[in-house]
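Coordinates in review
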Amino acid sequence: NAGVTQTPKFQVLKTGQSMTLQCAQDMNHNSMYWYRQDPGMGLRLIYYSASEGTTDKGEVPNGYNVSRLNKREFSLRLESAAPSQTSVYFCASSDEGTSPLHFGNGTRLTVT
Amino acid sequence: TQLLEQSPQFLSIQEGENLTVYCNSSSVFSSLQWYRQEPGEGPVLLVTVVTGGEVKKLKRLTFQFGDARKDSSLHITAAQPGDTGLYLCAGVRGNQFYFGTGTSLTVIP
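Read on for an overview of the structure. The shown structure was predicted, so the numbers you read here are calculated from the model rather than taken from an experiment. (Residues numbered from 1 in each chain as written. Chains lettered and ligands numbered in written order. Predicted model: local features only at pLDDT ≥ 70, side-chain atom pairs only at ≥ 80, totals over all residues. Heavy atoms only, no water.)

1. As for the overall build of chain A
When helices and strands are counted, chain A shows zero helices and 11 strands. Across chain A, helices and strands are ordered from the amino to the carboxyl terminus as β-β-β-β-β-β-β-β-β-β-β. A compact globule built from 112 residues should have a C-alpha radius of gyration of about 13 Å, and chain A, at 13 Å, falls within 12% of that. Each principal axis of the C-alpha distribution contributes one length, and for chain A these read about 40 × 30 × 25 Å. Looking at chain A residue by residue over its 112 residues, the buried ones come to 46%. Approximately 5200 Å² of chain A is accessible, and the part contributed by carbon and sulfur atoms is 46%. The centroid of the 10 positive side-chain charges in chain A is displaced by 9 Å from the centroid of its 9 negative side-chain charges. (Helix = DSSP H or I, 4+ residues; strand = E, 2+ residues; numbered from the N terminus. Rg over C-alpha atoms; globule rule 2.2 N^0.38 Å. Buried < 20%, exposed > 50% of the residue type's maximum accessible area, 1.4 Å probe, protein only. Areas by Shrake-Rupley, 256 points an atom, 1.4 Å probe, with all protein chains shown as cover. Lys, Arg positive; Asp, Glu negative; His and termini not counted. Charge placed at Lys NZ, Arg CZ, Asp CG, Glu CD.)

This is how it looks when you write it as structure tokens:
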């Protein structure tokens, strides 16, 4: 089972460049999430989508946009990358209630 | 500002020792989850605790949810090198998950 698949695994951008991080899940989950992970900060929520067609801001949404393309896919876009966006980005999905988050293996992004 | 604070942030112990990791908040959660993360991978769920005061055991790991559903602890008995990793707590409220700051555990053989 693939679970949650993220692409790319690594990316280096120059300040001001744009890119889209892709995420797909094959577990038929309704909810999908984008987190960033920085040392000593744990995981911080960027955006989430409770169901197909809806998206909501999380704790740190500035500088990012998202698209819930269909039930399987949830993408994260950086329109104009900044060094402060250097981080490891994780996509996750979840069923309802107390179901756990299922994570992808992350995208390590460096902005120079 | 983190909703959930974990302590300690780093822990290095010898194989066979016991340890406890704490996850504290001033907010109430409907449930609390513990995840373990290895380098280069995403976090993986260890346990979910739902009821205030609940205690769950997973082999050598014991998880407790505080009576007021604001805090939790993870106790590992006789730690093994395979327990090495980043431990994260996550408070659940509705369909949102609020993660703690993480505890990096190293178990030395």
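2. Notes on the interface of chain B and chain A
Contacts between the two partners involve 22 residues from chain B, matched on the other side by 21 residues from chain A. For the pair chain B and chain A, the summed buried area comes to about 1700 Å², and 51% of that belongs to carbon and sulfur atoms. It is Asn95(B), Phe97(B) and Phe99(B) that lose the most area in chain B upon contact with chain A, and together they represent 30% of the buried surface on that side. Our count for the contact surface shared by chain B and chain A stands at zero salt bridges. Applying the counting rule to chain B against chain A returns five residue pairs in polar contact (both at pLDDT 80 or more). At the level of elements, strand 4 (31-37), strand 5 (44-49), strand 9 (85-93) and strand 10 (96-99) of chain B are the ones that each hand at least two residues to the side of chain B that touches chain A. The element that contributes the greatest number of residues to the side of chain B that touches chain A is strand 4 of chain B, accounting for four residues. Taken together, the residues of the side of chain B that touches chain A sort by class into eight nonpolar, 13 polar and one charged. (Contact = heavy atoms within 4.5 Å. Buried area = accessible area lost by both parts, 1.4 Å probe. Salt bridge = Lys/Arg side-chain N within 4 Å of Asp/Glu carboxyl O. Polar contact = N/O pair within 3.5 Å; in protein donor to acceptor, adjacent residues only side chain to side chain. Nonpolar A, V, L, I, M, F, W, Y, C, P; charged D, E, K, R; others polar.)

3. Examining the sheet that holds strand 3 (residues 19-25) of chain A
Residue and element names in this part refer to chain A. Spatial ordering of the open sheet is given by 1-3-8-7, a layout of four strands whose pairing is antiparallel. Each of the sheet's edge strands pairs with one partner strand only, and the pair in question is strand 1 (4-7) and strand 7 (64-68). On average, adjacent strands in this sheet sit at an angle of 15° to one another, irrespective of strand direction. Across four bridges, strand 1 lies against strand 3 in antiparallel orientation. When the bridges of strand 3 are listed, Thr7 appears paired with Gln22. (Pairing = 2+ DSSP bridges. Axes fitted to C-alpha atoms, helices over the stretch in contact; angles between N-to-C directions.)

4. Comments concerning the sheet that holds strand 1 (residues 5-7) of chain B
Residue and element names in this part refer to chain B. Strand order in the open sheet made by the five strands is 1-3-8-7-6, with antiparallel pairing throughout. Edge positions in the open sheet fall to strand 1 and strand 6 (55-58), since each of these has one partner strand only. With strand direction ignored, the average angle separating the axes of adjacent strands in the sheet is 15°.

All we've got here are geometric facts, nothing functional implied.
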